[in-house]
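This is what each chain is made of:
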Amino acid sequence: MFGAFIIGDELLVGKRQDKHLPFVIEALAQRGLRLSWAHYLGDEPQRITDALKRSFAASDVVFSFGGIGATPDDHTRQCAAAALNVGLKIHPEAEREIRGRFGGEVTPQRLQMGEFPEGALVIPNPVNRIPGFSVRDHHFVPGFPQMAWPMVEWILDTRYRDRFDAQRWKEQSILVFEAGESQLIPAMQAVEAAFKGIKVFSLPSMGQDGSRIHVELGVRGDPAQVDPSMQKLRQLVGDAGFPYK
């Protein structure tokens, strides 16, 4: 499975709107993969460390956005090391990139951005050469989209190409009128029982923008099962006497 951490107080207090979640969903979908979970975290070291401990204990591929700089509110590098119970150490390749970027203007604070958990690998940054890092199947990139996004795509294309298309999916839906969600549960349960590669979903609408009150009812999953499962769902909705389109 693939997951994401999106880190920063600026998101939780509303100073910035997150753009990483839609990006990573689309980047995975383009490669036939799916995001299984995402967590937003503020700049609280203990909370970040605890979340990383849990994710390191699982087998998921995880992308972490933000908090890898050297300012006092950046804690992700330190928390990753703490979660793994290892030290932080300047990575030789990261140091070369940072020195190459700043030349004679290198400072101890700038070099701190190349201090990664022991055993980490660097993720090249095509924008300003300040790298991110990978530990196991966890990949840590900056919070700036123009840097983070090509770094994530590079990881996917170099590390996980063998997984491409393993989670490709398809979706179809109908709009059902004159029915509440609870009245559609038997049809939903019957379709999920008959098609193991399918999830049935429902999204009620209160008729905003002048539309009729309705429930969007659909199926999502194995592309080969979408058409027959949708046909079955239409049949069950019709048999129940509910109009749909």
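Coordinates for the structure precede this section.
Thresholds applied
Residues numbered from 1 in each chain as written. Predicted model: local features only at pLDDT ≥ 70, side-chain atom pairs only at ≥ 80, totals over all residues. Heavy atoms only, no water. Helix = DSSP H or I, 4+ residues; strand = E, 2+ residues; numbered from the N terminus. Buried < 20%, exposed > 50% of the residue type's maximum accessible area, 1.4 Å probe, protein only. Polar contact = N/O pair within 3.5 Å; in protein donor to acceptor, adjacent residues only side chain to side chain. Pairing = 2+ DSSP bridges. Axes fitted to C-alpha atoms, helices over the stretch in contact; angles between N-to-C directions. Parallel < 35°, antiparallel > 145°, perpendicular 65-115°, else oblique. Left-handed = near helix turned anticlockwise from the far one by under 90°. Contact = heavy atoms within 4.5 Å. Lys, Arg positive; Asp, Glu negative; His and termini not counted. Salt bridge = Lys/Arg side-chain N within 4 Å of Asp/Glu carboxyl O. Phe/Tyr/Trp six-rings, centres within 6.5 Å; stacked < 30°, edge-to-face > 60°. Lys NZ or Arg CZ within 6 Å of the ring centre and 35° of its normal. Arc of directions from axis to C-beta.

Some details on the side chain of H214
Relative to the assigned elements, H214 resides in strand β11 (residues 214-221). H214 sits in the buried class, given a relative accessible area of 13%. Separated by 2.7 Å, the side chain of H214 and the backbone oxygen of R212 make a polar contact.

Notes on the pairing of strand β1 (residues 2-7)
With respect to burial, β1 is a largely interior element, six of its six residues being buried. Neither face of β1 is left uncovered, since the one carrying F2, A4 and I6 and the one carrying G3, F5 and I7 both have all their residues buried. Taken together, the six bridges between β1 and strand β2 (residues 35-41) define a ladder with parallel strand orientation. Its bridge partner lying in β2, A4 is registered against A38.

Things to note about the packing of helix α2 (residues 20-29) against helix α7 (residues 145-159)
One can describe the packing of α2 onto α7 by two numbers: an axis separation of 11 Å at closest approach and a directional angle of 25°. Compared by their axis directions, α2 and α7 come out roughly parallel. Both α2 and α7 take part in a crossing whose hand is right-handed. For the pair α2 and α7, the contacting residues are H20, F23, A27 and L28 in the first and P145, A148, W149, V152, E153 and L156 in the second.

Comments concerning the side chain of D74
Following the sequence through the fold, D74 ends up in the loop between β3 (61-65) and α4 (76-84). For D74, which is buried and forms no salt bridge, the nearest opposite charge comes from R77, at a distance of 6.7 Å. Polar contacts involving the side chain of D74 include one to the side chain of T71, which spans 2.7 Å. In this structure D74 touches G67, I68 and G69, once residues within four positions along its chain are discounted.

So, the sheet that holds β3
Taken in spatial order, the six strands of this open sheet run β2-β1-β3-β8-β7-β6, and their pairing is mixed. Sheet topology places β2 and β6 (121-123) at the edges, where each strand pairs with a single neighbour. With strand direction ignored, the average angle separating the axes of adjacent strands in the sheet is 20°. Along the sheet face, α2 touches β1, β2 and β3 and points at about 160° away from the line of β2.

Some details on the environment of L41
When you line up the elements, L41 lands in strand β2. When the C-alpha positions of L41 and A51 are compared, they lie 8.9 Å apart, and in sequence the two are 10 residues distant. Setting aside its immediate chain neighbours within four residues, L41 contacts F5, I6, I7, G8, L12, R47, I48 and A51.

Description of the packing of aromatic side chains
Aromatic rings considered in pairs are described by the distance between their centres and by the relative angle of their planes. Scanning all chains against the criterion turns up five aromatic pairs. The interplanar angle of 5° and the centroid separation of 4.7 Å between the aromatic rings of F23 and W149 together place this pair among those described as stacked. Placement of the pair is F23 in helix α2 and W149 in helix α7, with a sequence separation of 126 residues. Owing to a relative accessible area of 11%, F23 belongs among the buried residues under this scheme. Taking the relative accessible area as the measure of exposure, W149 reaches 25% and is therefore partly exposed. An aromatic cluster is built from F116, F133 and F140, whose rings are joined through pairwise contacts. The positively charged end of R101 is found above the aromatic ring belonging to F102, 4.8 Å away from the centroid. Looking at R212, its charged tip hangs above the ring of F177, at a distance of 4.0 Å from the centre.

Re helix α5 (residues 92-102)
Along α5, the residues that are buried comprise A94, I98 and F102. All buried residues of α5 project into a common sector of 50° when viewed along the axis, lining one side. Exposed residues lying more than 90 degrees from the buried face of α5 are P92 and R96. G103 lies just past α5 and shows a positive phi near 60°.

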